[in-house]
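# Structural overview
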2 protein chains.
Amino acid sequence: MRKVAVLGYGTVGSGVVAVLEQSEDQIKRKLGEEVQVVKVLDIRDFPGDPIQERIVHDFEEILKDPEIEVVVEVMGGLHPAYEYVSQSLCAGKHVATSNKALVEAYGAELGVLAREHGVSFQFEASVAGGIPILRTLNTAMIQEEIYQVTGILNGTTNYILALMEDTGATFQEALADAQARGYAERDPEADIEGYDAARKIAILASMICGKHIRYQDVPTQGISGITKADIEGAAALGGRLKLLGSCSQENGRFYVSVEPTFVPMDHLLAAVNSVFNAVMLKSSMLGDTMFYGKGAGKLATASAVVADVLAALDGNGVYEMNTWSSEIEEPVHPADRPCRYMVRAEGAQTEHPLFASLVPSEGGFSALTHQCSRKELTALLEQIGRQAKVCSVFRKMEE
Amino acid sequence: MRKVAVLGYGTVGSGVVAVLEQSEDQIKRKLGEEVQVVKVLDIRDFPGDPIQERIVHDFEEILKDPEIEVVVEVMGGLHPAYEYVSQSLCAGKHVATSNKALVEAYGAELGVLAREHGVSFQFEASVAGGIPILRTLNTAMIQEEIYQVTGILNGTTNYILALMEDTGATFQEALADAQARGYAERDPEADIEGYDAARKIAILASMICGKHIRYQDVPTQGISGITKADIEGAAALGGRLKLLGSCSQENGRFYVSVEPTFVPMDHLLAAVNSVFNAVMLKSSMLGDTMFYGKGAGKLATASAVVADVLAALDGNGVYEMNTWSSEIEEPVHPADRPCRYMVRAEGAQTEHPLFASLVPSEGGFSALTHQCSRKELTALLEQIGRQAKVCSVFRKMEE
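Check the secondary structure of chain A and you find 13 helices and 15 strands. A compact globule built from 399 residues would reach a C-alpha radius of gyration of about 21 Å, and chain A, at 23 Å, matches this within 12%. For chain A, the spread of C-alpha atoms along the principal axes amounts to about 75 × 45 × 35 Å. Looking at chain A residue by residue over its 399 residues, the buried ones come to 60%. For chain A, restricting intrachain contacts to residue pairs at least 6 apart in sequence, the fraction spanning at least 24 positions comes to 71%. Entry remark: accessible area of chain A is about 15,100 Å², with carbon and sulfur atoms responsible for 46%. For chain A, the separation between the mean place of its 35 positive charges and that of its 54 negative charges on side chains is 2 Å.

Here we take up the interface of chain A and chain B. Taken together, the 42 residues of chain A in the interface contact 42 residues of chain B. Summed over both sides, the interface between chain A and chain B buries roughly 3,500 Å², with carbon and sulfur atoms accounting for 62% of that surface. Considering only the side of chain A, the residues that lose the most area to chain B are A:Q143, A:M285 and A:Y292, jointly responsible for 18% of the buried surface there. Across the contact surface, chain A and chain B share 0 salt bridges. Across the chain A-chain B interface, the total number found is 8 residue pairs in polar contact (both at pLDDT 80 or more). Top element by residues in the side of chain A that touches chain B is strand 11 (residues 287-294) of chain A. It accounts for 8 residues. Among the residues making up the side of chain A that touches chain B, the classes are represented as 20 nonpolar, 15 polar and 7 charged. Two elements, strand 11 of chain A and strand 11 (residues 287-294) of chain B, share 3 bridges in a ladder whose sense is antiparallel. Its bridge partner being in strand 11 of chain B, A:M290 is matched across the sheet by B:Y292.

It is worth spelling out helix 4 (residues 81-90) of chain A at this point. Among the 10 residues in helix 4 of chain A, 7 count as buried, and that is most of the element. By the burial criterion, the buried members of helix 4 of chain A are A:A81, A:Y82, A:Y84, A:V85, A:S86, A:S88 and A:L89.

For the pair chain A and chain B, the best superposition has an RMSD of 0.0 Å and corresponds to a rotation of 180 degrees with a translation of 0.0 Å parallel to the axis. What we have between these two chains is a two-fold relation. Of all interface residues in chain A, 100% are interface residues in chain B too; the two copies therefore contact each other through one and the same surface.

Residues and elements named next belong to chain A. Counted by the stated rule, this structure contains 6 cavities of 30 Å³ or more. Lining the largest cavity we find Q148, T150, L244, S246, S248, S257, E259, T261, R395, M397 and E398. Of all elements in the fold, only strand 7 (146-152), strand 8 (239-250) and strand 9 (253-264) reach the threshold of two or more residues within the lining of the largest cavity. Residues belonging to the lining of the largest cavity are distributed by class as follows: 2 nonpolar, 6 polar and 3 charged.

Residue and element names in this part refer to chain B. In this sheet, strand 15 (residues 388-396) lies alongside strand 9 (residues 253-264) in parallel orientation, the contact comprising 2 bridges. Bridge assignment links T261 to a residue of strand 15, and that residue is R395. Pairing geometry for strand 12 (residues 341-347) and strand 15, over 7 bridges, is antiparallel. Bridge pairing links M342 to F394 in strand 15.

If you walk through the whole model with that rule in mind, you get 17 aromatic pairs over all chains. Seen from their ring centres, B:Y159 and B:Y183 are 4.8 Å apart, and the 75 degrees between their planes marks the pair as edge-to-face. On the criterion of sequence distance, the pair formed by B:Y159 in helix 7 (residues 155-167) and B:Y183 in the loop between helix 8 (171-180) and helix 9 (189-192) is long-range, its members being 24 residues apart. In this structure B:Y183 comes out as partly exposed when scored by relative accessible area, which is 34%. Members of the aromatic cluster, each reached through a chain of ring pairs, are A:F121, A:F123 and A:W324. A:R337 extends its terminal NZ or CZ atom over the ring of A:Y255, reaching a point 4.1 Å from the ring centre.

Our next topic: the state of the cysteines. All names here are of chain A. A complete count under the given rule lists 0 disulfides over all chains for this structure. Left unpaired, C339 is separated from the closest cysteine sulfur, that of C372, by 7.8 Å. With no disulfide partner, C391 has as its closest neighbouring cysteine sulfur the one in C372, 18 Å distant. Judged by relative accessible area, which is 27%, C391 ranks as partly exposed.

The next subject is the pattern of salt bridges. All names here are of chain B. Summed over all chains, the structure comprises 50 salt bridges over all chains. In this structure, R2 and E69 form a salt bridge, with 2.7 Å as the shortest nitrogen-oxygen distance. With R2 in strand 1 (residues 2-7) and E69 in strand 4 (residues 68-73), the pair connects residues that are 67 residues apart, well separated along the chain. Exposure remark for R2: the relative accessible area of 16% places this residue in the buried category. Relative accessible area serves as the criterion here: at 27%, E69 is assigned to the partly exposed category.

Residues and elements named next belong to chain A. Split by domain assignment, chain A resolves into domain 1 (2-131 + 298-313), domain 2 (138-293) and domain 3 (338-396). Distance from the C-alpha centre of domain 2 to the C-alpha centre of domain 3: 23 Å. Taken together, the contact between domain 2 and domain 3 spans 16 residues of the former and 11 residues of the latter. Taken together, the two surfaces of domain 2 and domain 3 that pack against each other cover about 1,100 Å², and 66% of this comes from carbon and sulfur. Counting the surface domain 2 buries against domain 3, the share from its top three residues, D230, L237 and F262, is 48%. Connecting domain 2 to domain 3 are 2 salt bridges. Where D230 meets R344, a salt bridge forms, and the shortest distance between an N and an O atom there is 2.7 Å. At the surface where domain 2 touches domain 3, the tally comes to 4 residue pairs in polar contact (both at pLDDT 80 or more). Listed by contribution, the elements that provide at least two residues to the side of domain 2 that touches domain 3 are helix 11 (228-236), strand 8 and strand 9. By residue number, the principal contributor to the side of domain 2 that touches domain 3 is strand 9, which donates 6 residues.

Right, let's talk about a negative patch on the surface for a bit. Taken together, the side chains of A:E24, A:D25, A:E34 and B:E145 define an acidic patch exposed on the protein surface. Here B:E145 lies in the loop between helix 6 (133-138) and strand 7 (146-152). For B:E145, a relative accessible area of 33% gives the class partly exposed.

Once that is clear, we can look at the sheet that holds strand 1 of chain B. All names here are of chain B. With respect to topology, 6 strands assemble into an open sheet ordered 3-2-1-4-5-6, the strand pairing being parallel. A strand with exactly one partner marks an edge of an open sheet, and here the two such strands are strand 3 (55-56) and strand 6 (121-122). Where strand 1 and strand 2 (residues 35-41) come together, 6 bridges link them in parallel fashion. Paired with V4 across the bridge in strand 2 is V37. Each of strand 1, strand 2, strand 4, strand 5 (94-97) and strand 6 touches helix 12 (residues 298-313); the most contacted strand, strand 4, lies at about 155 degrees to it.

Another aspect to go through is the sheet that holds strand 3 (residues 55-56) of chain A. Residue and element names in this part refer to chain A. Strands sit in the order 3-2-1-4-5-6 across an open sheet of 6 strands; the sheet is parallel. Only two strands of the sheet have a single neighbouring strand rather than two, namely strand 3 and strand 6 (121-122). Packed on one face of the sheet, helix 12 (residues 298-313) meets strand 1 (2-7), strand 2 (35-41), strand 4 (68-73), strand 5 (94-97) and strand 6 and runs near 155 degrees to strand 4.

About the criteria used
- Residues numbered from 1 in each chain as written.
- Chains lettered and ligands numbered in written order.
- Predicted model: local features only at pLDDT ≥ 70, side-chain atom pairs only at ≥ 80, totals over all residues.
- Heavy atoms only, no water.
- Helix = DSSP H or I, 4+ residues; strand = E, 2+ residues; numbered from the N terminus.
- Rg over C-alpha atoms; globule rule 2.2 N^0.38 Å.
- Buried < 20%, exposed > 50% of the residue type's maximum accessible area, 1.4 Å probe, protein only.
- Contact = heavy atoms within 4.5 Å.
- Areas by Shrake-Rupley, 256 points an atom, 1.4 Å probe, with all protein chains shown as cover.
- Lys, Arg positive; Asp, Glu negative; His and termini not counted.
- Charge placed at Lys NZ, Arg CZ, Asp CG, Glu CD.
- Buried area = accessible area lost by both parts, 1.4 Å probe.
- Salt bridge = Lys/Arg side-chain N within 4 Å of Asp/Glu carboxyl O.
- Polar contact = N/O pair within 3.5 Å; in protein donor to acceptor, adjacent residues only side chain to side chain.
- Nonpolar A, V, L, I, M, F, W, Y, C, P; charged D, E, K, R; others polar.
- Pairing = 2+ DSSP bridges.
- Least-squares fit on C-alpha atoms with pLDDT ≥ 70 in both.
- 1 Å grid on protein atoms, 1.4 Å probe; cavity = no way out; pocket = protein on both sides within 12 Å on 5 of 7 lines; lining within 4 Å.
- Points joined across faces, edges and corners; volume = space filled by probe spheres on them.
- Phe/Tyr/Trp six-rings, centres within 6.5 Å; stacked < 30°, edge-to-face > 60°.
- Lys NZ or Arg CZ within 6 Å of the ring centre and 35° of its normal.
- Disulfide = S-S within 2.5 Å.
- Domains from an automatic or database assignment.
- Patch = residues over 30% accessible without salt bridge, like charges linked within 9 Å, V, L, I, M, F, W, Y side chains within 5 Å.
- Axes fitted to C-alpha atoms, helices over the stretch in contact; angles between N-to-C directions.

Structural data, given as structure tokens:
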């Protein structure tokens, strides 16, 4: 029997215990042995729950137990998660975590620690929980040069935008619906302002870049300013607004952002609805690939953590999930390259050679531009502004 | 330097050589060493091509070279591929192959040989070349129970169906276009009659089942009988016809088929166009996931083979791609369970409680049924037949 400890018996932690139990047969078939959660660290007690007899309140009991091979960190937050994870690695224990804040902030350092101590540090569940995108980048795609990652990385905002489009709800109404269904938290800021997606694209970008692209350096715009008129304007232009995290690599520079983006209706990402996530890659030999699945949820996230646990225990070698160096790479704003834009304005229509298509709407118009520089865009917006009010500007996704 | 031999210098074989060269940096970063193709078996010579000095005509030169760690089999066909692969495994060499006929026929046996000799036998490229679906099933999803696999597994037929829909071309016209572009072979039978997709779904189904589901036991119907009227009828009902390979597991039985299938327009698989492939899974914890990418093409297929080569050489452990036992599992026809159907008829409309929706067309109608048994379907078709001619019947995909 292989022994595992779990730090934090919240949603994901209890999910990990459940998945390991439910998958007993599959795991035995793969490893030839059982995997059991023998200790669970939590400050709370769970009287009446069968987990209670495995609850410990002191991390040392886990750290000093030589039979525990893997520590699962699903407590969230930076501290004491960072201390517990680094101590676990130094004690020769593999670590699997779903904690994107931890991975984004300390991934480089923890990757080094893991290598030094010959153990694995894995974090598949930290980005798009139910989609094995990090493992794919680390295995099936290791021979590829990745030019571009574009992802719907936050299910809450994707649900809200889809609901606004399907029902004509306002942002506030759609948010309230998402909260009522448990898709959005009571304090929804991290989701709706794009910070959650920014952490995830920062992790993906860092993995591809090999240096640390910090989430606070990622230009980030959320969806709280999106109006019904924006959604209708996008639809009139044959597209949809999606909150995309994106990272493109060109001439050694990394163009990274999180922002509501115009996605053409015939693009696969436009078909990703509800709380689902999707990650699209462009790479040197494979070209376009896309990976789709649940972004969150107790069992989906827990399943990803369990896959990390099994990879740590399986075989003889150490499965090394690539991290990145602690050297900081400053990402570039995508608008520093020529981009295409959706512009929505209220007032009189403007004629302009930069417009690729224009659709009038009640009291105004929406238009898609050709590729233009930031300077050309500014001039265009000024010209529109003489006869109309520019209400919103969104980038069109790079294809 | 790690040494590899390639059997067959055709499209994929030359692609493998090219990908290993183009990915030198990525590979060095991962393995810390170069990987080089030192011998290439082919009956032909390639005067003037730099490969010529590595061409050998006798397999023994590869088999007896103790420095060659991995043999890449991309010659196709069953013989002598089978003999070369089994001899390589017995000689302690890892094997990576793109040969779906070989894997489908001898996968069980070759998997055992590999285990006995402590080497890896991998075949990612044999199913949906550019999509790392087998590796995902073997790693990220090892803890999952897979209930259903549904895939667009053949790019040629997907291209033909999309072209018929987009341009109103007949099947023959679309096939000619695909041949002119090199998407279809001069003898297109294996693609258009579904045999290629049947081999791929047989491999996926066997991997999930753990026993051998033979491709010749998979009920298979191709697309050569699809008419413009069928495509228009599907569109009128809010869907698209796609050639799907599918395998569902229920109560220990495996329902497997390849057939043109009605896919609702809002389903992600409906958005998979051109020569792309996609595989959708339903599993116990992750729920729905989908993987999308190129199904074929020199570099995409070669890249998948190279990923297998790197997995064989990377780390200390042997990467074991799960195969299946040689025990034969007889798949069940999906129509043995209640299914929904699209029916297209010419003549007078029939009223029937089994119809969920019905759309009239010039001289006839198309309809979607509710779930019905094979017997109920037969009775329905008989009733329609009294006043009209039943032109076609397609299953609706299971959702």
